[in-house]
Amino acid sequence: MSLIVMKFGGSSVGTTERMQRVAQRIVENRDAGHQVVVVVSAMGDTTDDLIDQSKRLNSNPPAREMDMLLTTGEQISVALLSMTIHAMGRQAVSMTGWQAGIRTEPLHGKARITDIRPDRIHEALEAGGVVIVAGFQGMTEQGEITTLGRGGSDTTAVALAAAIKADVCEIFTDVDGIYSTDPRVVKNARKLPEISYDEMLELAHLGAAVLHPRAVEYAKHNNVKLVVRSSFTHNEGTTVKEEAVMEQGIVVRGIAFDKDVARISILGVEDVPGVLAGVFGALADGGIDVDMIVQSGVLDGKADFSFTVAGGDAEQAVSIIAGIRAEVPYRETTSETGLVKVSIVGAGMVSNPGVAARMFRAISDLGVSIKMVSTSEIKTSCVIAAEPLQEVVRALHTTYGLDTAEQVFVGGPSERR
Ligand code: ADP
Ligand code: ASP
Ligand code: MG
């Protein structure tokens, strides 16, 4: 008998029929004698719909009320899934994040889990039922409801798996594993039998939505056996583990992209100590995550520098910089939205010179200019204009020998926005 955590994403429970299929899958595991804890997301586009609804009433709703609203999506799913399992003659009990003992820091919209007290989960498992926990939500010590950031149900699942020492955490989604890139963009993407935590962490941070970055972080730190697989087929999925074997002749494991990048430039800044600290300190205080930073040469004692932020943060970033003009004098700021960041990731890159150069060549061969670059031991990222993104991703996929002849399985695309 194993203890299994099964997580189902929104598209896997988007309709009544899919909910039944998921329930069937859970019952199969329970009937085989395993103890099962399920984590489920809001059905289909529920979270997006709730956000749209809130924006029609308040363009800038309070973060606390947003969390109150968005957590209802997952509560609907857990109750319906539990009822479906009851209708099949088996025992199940649904729980909110709080009932499952998930405590978070007091930060609305993107809280981190601080502690899990899984006593009620253990009791319910001992009683013989399936436990179904609402993903993406928790509660602070002060009793406030929080959410874990978009895509955060993956993190609920992995954190619970660590807390109850599950044998495996299976993430069921609408593709049958982790691919060399988003299989919706590259049809002949390569399904990876395994990938290392570090590579997956980079891919997730760089935009691969298939796993929430914090879920991978949690899995790595707690050594959780993590498998991504399809909720529509029984195909073998992808295992995320400490070290993954690289196929002969392949140095890039995957390609990720982030479609929501803005570049802000501050021109003609007095080149004196403390300037960068002043600008980025003010942005950090305003809660803005800055990604790449590039400072160009100094001319007549004045410097120019550029940085990237998420597209939605650009306006606020520019107004924060305007607000510190007295302390950090500059000539002007410019802001460019609608950019994308494309990245290649592979643990073998560090020992293979020329990998980044091939990326730059493949992009320039398409007549696309690279606006910014950043590198680490296992990744290279380029910021480019949004327009030819798909061509760029496909060209890079071919360049690094990742194309396959096999047909990718993608379930339920018609339900996606
Ligand atoms: P869920 O609702 O199950 O959490 P998500 O939409 O969050 O599903 O994640 C699954 C999606 O991630 C896939 O449909 C696919 O389009 C996208 N994706 C992006 N990069 C990858 C990748 N490298 N491998 C597999 N899927 C990817
Ligand atoms: N329902 C939340 C979202 O859409 C959490 C999740 O699906 O993981 O982001
Ligand atoms: Mg997801």
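Shown above is the structure to which this text applies.
What comes next concerns the included structure. Quick caveat: nothing in here was measured; it's all calculated off a predicted structure.

Observations concerning the sheet that holds strand 14 (residues 293-299)
Here is step 1: Ordered by their spatial adjacency, 6 strands build an open sheet running 14-15-13-16-18-17, and the pairing between neighbours is antiparallel. At either end of the open sheet lies a strand with only one pairing partner, and these are strand 14 and strand 17 (372-376). Each adjacent strand pair in this sheet contributes to an overall mean axis angle of 25°, direction not counted.
Here is step 2: Bridging between strand 17 and strand 18 (residues 379-385) involves 5 bridges; their strand directions are antiparallel. Across the sheet, Met372 pairs through a bridge with Val383, a residue of strand 18.
Here is step 3: Its contacts with the sheet place helix 8 (residues 275-285) against strand 13 (254-270), strand 14 and strand 15 (302-310), and it is angled at close to 20° to strand 15.

Some thoughts on unusual backbone geometry
Here is step 1: Positive phi outside glycine occurs at Phe136, with the angle close to 75°.
Here is step 2: Looking at where Phe136 falls in the secondary structure, it is placed in the loop between strand 6 (130-134) and strand 7 (137-139).
Here is step 3: Here Asn223, not a glycine, exhibits a phi torsion of approximately 55°, which is positive.
Here is step 4: With respect to the helices, strands and loops of the structure, Asn223 is situated in the loop between helix 7 (213-222) and strand 11 (226-230).

Examining the sheet that holds strand 11
Here is step 1: The strand order across the open sheet formed by 8 strands is 3-6-2-1-9-11-12-10, and the pairing between neighbours is mixed. Edge positions in the open sheet fall to strand 3 (92-95) and strand 10 (194-196), since each of these has one partner strand only. Pairwise comparison of adjacent strand axes, ignoring direction, gives a mean angle of 20° for this sheet.
Here is step 2: Alignment of strand 9 (residues 168-173) against strand 11, held across 5 bridges, turns out to be parallel. Across the sheet, the residue bridging to Glu170 is Val227, located in strand 11.
Here is step 3: Relative to strand 2 (residues 35-40), helix 5 (residues 153-163) is tilted by about 155°, and along the sheet it contacts strand 1 (3-8), strand 2, strand 6, strand 9 and strand 11.
Here is step 4: Across the sheet, helix 6 (residues 197-205) lies against strand 10 and strand 12 (238-241), angled at about 85° from strand 10, the strand it touches most.

What to know about the site of ligand 2
Here is step 1: Around ligand 2, the neighbouring residues are Ser41, Ala42, Thr47, Glu74, Phe136, Arg150, Gly151, Gly152 and Ser153.
Here is step 2: At a separation of 3.2 Å, an oxygen atom of ligand 2 approaches a polar side-chain atom of Ser41.
Here is step 3: At a separation of 3.4 Å, an oxygen atom of ligand 2 approaches a polar backbone atom of Gly152.
Here is step 4: Here ligand 2 has 260 Å² of accessible area as a free molecule, and 85% of this is covered by the chains.
Here is step 5: Partitioned by chemical class, the residues of the shell around ligand 2 number 2 nonpolar, 5 polar and 2 charged.

So, the packing of helix 5 against helix 7
Here is step 1: At a minimum axis separation of 8 Å, helix 5 and helix 7 run at an interaxial angle of 15°. Classed by the angle they form, the pair helix 5 and helix 7 counts as roughly parallel. Our pair here, helix 5 against helix 7, has a crossing hand that is left-handed. Together, Asp154, Thr155, Val158, Ala159 and Ala162 of helix 5 and Arg214, Ala215, Tyr218, Ala219 and Asn222 of helix 7 make up the contact between the two elements.
Here is step 2: Partitioned by chemical class, the residues of the contact of helix 5 with helix 7 number 6 nonpolar, 2 polar and 2 charged.

Examining the environment of Glu217
Here is step 1: Of note, Glu217 is situated in helix 7.
Here is step 2: Residue class for Glu217 comes out partly exposed when judged on its relative accessible area of 22%.
Here is step 3: Sequence-wise, Glu217 and Tyr197 are 20 residues apart; in three dimensions their C-alpha atoms are separated by 7.6 Å.
Here is step 4: What Glu217 contacts, discounting residues up to four positions off in sequence, is Arg112, Leu201 and His205.
Here is step 5: A polar side-chain atom of Glu217 sits 3.4 Å from a polar atom in the side chain of Arg112.

Scoring rules and cut-offs
- In every chain, residue numbers begin from 1 and rise along the written sequence.
- Whichever chain is written first is A, and whichever ligand is written first is 1; the rest continue in order.
- At least 70 in pLDDT is required for a residue's local features to be given in this predicted model, at least 80 for side-chain atom pairs to be given and counted, and no such filter applies to totals for whole chains, interfaces and linings, which use all residues.
- Hydrogens and water are ignored here; the side-chain numbers use all heavy atoms of the structure.
- Any two strands with at least two DSSP bridges between them are considered paired.
- Helix and strand assignments come from DSSP, with helices taken as H or I runs of at least 4 residues and strands as E runs of at least 2, each series counted from the N terminus.
- An axis is simply a line fitted to the C-alpha atoms; with a helix, the fit covers only the stretch in contact. Between two such axes, the angle follows the N-to-C directions and lies from 0 to 180 degrees.
- We call two residues in contact when some of their heavy atoms are within 4.5 Å.
- To be near a molecule or strand, a residue needs just one of its heavy atoms within 4 Å of it.
- Any pair of nitrogen or oxygen atoms within 3.5 Å is treated as a polar contact; in protein, a donor-acceptor pairing is required on top of that, and neighbouring residues in sequence qualify only through side-chain atoms on both sides.
- Residue exposure ignores everything except the shown protein chains as possible cover, and the areas themselves are Shrake-Rupley values with a 1.4 Å probe.
- Think of it as three bins: nonpolar holds Ala, Val, Leu, Ile, Met, Phe, Trp, Tyr, Cys and Pro, charged holds Asp, Glu, Lys and Arg, and polar takes everything else, Gly as well.
- Any angle from 65 to 115 degrees is called roughly perpendicular, while one under 35 is roughly parallel, one over 145 is roughly antiparallel, and all others are oblique.
- Put simply, a crossing is left-handed when the front helix is turned counterclockwise from the back one by less than a right angle, and right-handed when it is turned clockwise.
- The cut-offs for exposure are 20% and 50% of the maximum accessible area for each residue type, with area from a 1.4 Å probe on protein chains only; residues under the lower value are buried, those over the upper are exposed, and the others partly exposed.

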